[in-house]
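Remarks on the overall topology
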Amino acid sequence: MYPSVYFDRFAIKSGKMSEWDYCLGNYYGYLFDFPGMKRNITHGLSRMAIRIKEKCPNDISTIFLMPSNFSFIMKTLDKIYSGEALYMRRALVLEEIEHSVMFDKIFLCDSSAVNIVERDDVKEYFHELNIC
C-alpha cells in the first residue's frame, strides 16, 4: 500500500491504480492487479479490502487482525495524538473493527498468540467495547 507521498492521481485515471482510498489526510492505494498471477499478502484499510474482495470474490481471502486489547490501542493513541488527529484515528479504529464482520476470517491478536475468532464472538466483543 502506498501513502500519498507516492500517490499518483494519473494512475487512477489511467486504471493502473487497482484500488485507492483517502484516509487520515492521505491517499492510499494499490498499483498491482487483483487477483494477479502470484499469491500476494498485503495489508490495507478494511473498507479497501472489502471493495477488492467484491471485485474478485472467489480469488481473494480477507483476514482481519482483531486487537485483543482495545483500551491499550486507545491509550496509545491518546499518548501520541491530540485534537482532530486523535479524533480521526479513534474513529478509524472503530470503523475498522466494525467492518471486521465482513472479512472471511478474524484473528484475535495479542502479543503472544493469534486465535481464530468466530463471528458470534466478535459480536460479543463489540458489546464489551460498547461499539455495537
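The rules behind these values
- Residues numbered from 1 in each chain as written.
- Predicted model: local features only at pLDDT ≥ 70, side-chain atom pairs only at ≥ 80, totals over all residues.
- Heavy atoms only, no water.
- Salt bridge = Lys/Arg side-chain N within 4 Å of Asp/Glu carboxyl O.
- Helix = DSSP H or I, 4+ residues; strand = E, 2+ residues; numbered from the N terminus.
- Buried < 20%, exposed > 50% of the residue type's maximum accessible area, 1.4 Å probe, protein only.
- Expected span 1.5 Å × (residues − 1).
- Arc of directions from axis to C-beta.
- Axes fitted to C-alpha atoms, helices over the stretch in contact; angles between N-to-C directions.
- Contact = heavy atoms within 4.5 Å.
- Nonpolar A, V, L, I, M, F, W, Y, C, P; charged D, E, K, R; others polar.
- Polar contact = N/O pair within 3.5 Å; in protein donor to acceptor, adjacent residues only side chain to side chain.
- pLDDT = per-residue confidence, 0-100.

Between side chains of opposite charge, a pair can form when the charged atoms approach closely. A full pass over the atoms with the stated rule returns five salt bridges. With its nearest N and O atoms 3.3 Å apart, the salt bridge here joins R51 to D21. In this pair, R51 sits in helix α2 (residues 46-55) while D21 sits in strand β1 (residues 19-23), placing the two residues 30 residues apart along the sequence. What makes R51 partly exposed here is its relative accessible area of 27%. One salt bridge connects D78 with R90, and the closest N-O pair in it is separated by 3.1 Å. On the criterion of sequence distance, the pair formed by D78 in helix α3 (residues 70-80) and R90 in helix α4 (residues 83-99) is long-range, its members being 12 residues apart.

Turning our eyes to something else, we now look at α4. Taking 1.5 Å of rise per residue, the 17 residues of α4 would be expected to cover 24 Å, and the 25 Å separating its terminal C-alpha atoms lies within 8% of that figure. Turning to α4, its buried residues number three or more, namely L86, L92, V93, E96 and I97. For α4, the angular spread of buried residues about the axis comes to 130 degrees, placing them on one side. Those residues of α4 that are exposed and aimed more than 90 degrees away from the buried face are G83, E84 and Y87.

It is at 9 Å that the axes of α2 and α4 come closest, and there the two elements cross at 35 degrees. Residues S46, R47 and I50 of α2 pack against E95, E96 and H99 of α4. Here the contact of α2 with α4 is built from residues that sort into one nonpolar, two polar and three charged.

Now for the side chain of D21. Exposure remark for D21: the relative accessible area of 10% places this residue in the buried category. In this structure the side chain of D21 is engaged in a polar contact, spanning 2.7 Å, whose partner is the side chain of R47. There is a polar contact of 3.3 Å between the side chain of D21 and the side chain of R51. When residues no more than four places from it in sequence are discounted, the contact partners of D21 are N26, Y27, Y28, L45, R47, M48 and R51.

Looking now at the side chain of S46. Along the chain, S46 falls in helix α2. One polar contact links S46 to E96, side chain to side chain, over a distance of 3.1 Å. Excluding residues that lie within four positions of it along the chain, S46 makes contacts with F64, E95, E96, H99 and F103.

Do not read the predicted coordinates in detail wherever pLDDT is low. Per-residue pLDDT for the chain averages 76, and the proportion of residues at 70 or more is 64%. Confidence, expressed as mean pLDDT per element, reaches its minimum in the chain at strand β5 (residues 114-117) with 57 and its maximum at α4 with 92.

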